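# Fold and geometry: a report
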Amino acid sequence: LKEKKFENYRLNAASGESNNITALFEEKDGNILVGTENGIYSINSQSKKLQALSDIRNKLSRPFIRAMARDMDNNLWIATEGGGLSKIKTNSDNEVEDIKNYRSEQAFVSHDILYSLYVDHSDNLWVGSIAGLDKTDLKKSGIHNISNTAGPESFDLQDNIIASIFKDKKDRLWIGNWGTGLN
């Protein structure tokens, strides 16, 4: 930052690619996955080249990407705006070997508009949506919804629109709400 210079990357807007970056995720090898309103890209940490990951984009239920995470089995999880959640098994070149798309009607997520993802050290997948927070134990494949409702199962969340999720070194879960603060 002393030089006040950044490396700049532009997608090809003429071919319909969006330059609205909606999600970033660093892979173990240092490559950066870039989510947009219309797909997913990778920036190679060595060559600095930007590459469209069309194989993944074409298999998503909706390519508007809001968040990405990897689980302990190296599956790529993608939260989308209106397309639910996708679990993608990729090879080392980010080519799709298997994909599963989960929608709210399958009861895997509480809503198809998703904003955030987090995989904790116990391999629980936390999913933030406009209907609250979903927790899935990836080893057991069950879902538990955490939301603020009028019923007896209600949690003390500020709001059900979960924009961000983070777990700190003391194992505390931080939940960022849209417009109403932090839990």
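Look up: the structure comes first, before these words.
As a convention, each chain's residues are numbered from 1 in the sequence order in which they are written. Where local features are concerned, this predicted model is filtered to residues with pLDDT of at least 70; where side-chain atom pairs are given and counted, the filter is 80 or more; whole-chain, interface and lining totals use all residues. The basis for every side-chain value is the complete set of heavy atoms in the structure, and neither hydrogens nor water enter the calculation.

### Thoughts on the environment of Ile 32
Only DSSP runs of H or I reaching four residues or more are called helices, and only runs of E reaching two or more are called strands; each is numbered from the N terminus. Position of Ile 32 among the secondary structure elements: in strand β2 (residues 32-36). For the pair Ile 32 and Lys 48, spaced 16 residues apart in sequence, the C-alpha to C-alpha distance is 9.7 Å. Here, residues are in contact when the closest pair of their heavy atoms is within 4.5 Å. In this structure Ile 32 touches Leu 24, Phe 25, Glu 26, Tyr 41, Ser 42 and Ile 43, once residues within four positions along its chain are discounted.

### Quick word on the pattern of salt bridges
When charged atoms on two side chains of opposite charge get close, those side chains can pair. For this analysis, a salt bridge means a side-chain nitrogen from Lys or Arg found within 4 Å of a carboxyl oxygen belonging to Asp or Glu. What the rule picks out here adds up to nine salt bridges. Its salt-bridge partner being Lys 167, residue Asp 120 comes within 3.3 Å of it at the nearest N-O pair. You can see Asp 120 sitting in the loop between β9 (114-119) and β10 (124-129) and its partner Lys 167 sitting in strand β13 (residues 162-167), a full 47 residues away along the chain. This pair shows no difference in class: Asp 120 is buried, exactly as Lys 167 is. With a closest N to O distance of 3.5 Å, Lys 139 and Asp 137 form a salt bridge. Via salt bridges that share partners, Asp 120, Lys 167 and Asp 171 belong to a single interconnected network. Think of it in three bands: residues with accessible area under 20% of the maximum for their type are buried, residues over 50% are exposed, and the middle band is partly exposed, with areas taken using a 1.4 Å probe on protein chains only.

### Looking at the sheet that holds strand β3 (residues 39-43)
The four strands lie next to each other as β1-β2-β3-β4, forming an open sheet whose pairing is antiparallel. One side of each edge strand has no neighbouring strand; the edge strands of this open sheet are β1 (21-26) and β4 (50-52). The mean inter-strand angle of the sheet, taken between neighbouring strand axes irrespective of direction, is 25°. Note: β3 against β4, three bridges, orientation antiparallel. Strands are labelled as partners when DSSP assigns at least two bridges between them. Lines fitted to C-alpha atoms define the axes, with helix axes restricted to the stretch in contact, and inter-axis angles between N-to-C directions lie between 0 and 180 degrees.

### A word on the packing of aromatic side chains
Two rings from Phe, Tyr or Trp (for Trp, the six-membered ring) form a pair when their centres are within 6.5 Å of each other. A pair whose planes differ by under 30 degrees is stacked, one over 60 is edge-to-face, and the rest are tilted. Within this structure, the stated rule accounts for three aromatic pairs. Consider the rings of Trp 77 and Tyr 102, whose centres lie 6.1 Å apart with planes at 20°: the pair is stacked. Of the two residues, Trp 77 is situated in strand β6 (residues 76-80) and Tyr 102 in strand β8 (residues 96-102); the sequence distance between them amounts to 25 residues. With respect to class, Trp 77 is no different from Tyr 102; both count as buried. Ring centres of Tyr 102 and Phe 108 lie 4.1 Å apart, and the angle between their planes is 20°; this geometry places the pair in the stacked category. Of the two residues examined, Tyr 102 and Phe 108, each falls in the buried class. Among the aromatic residues, ring-to-ring pairing joins Trp 77, Tyr 102 and Phe 108 into one connected group.

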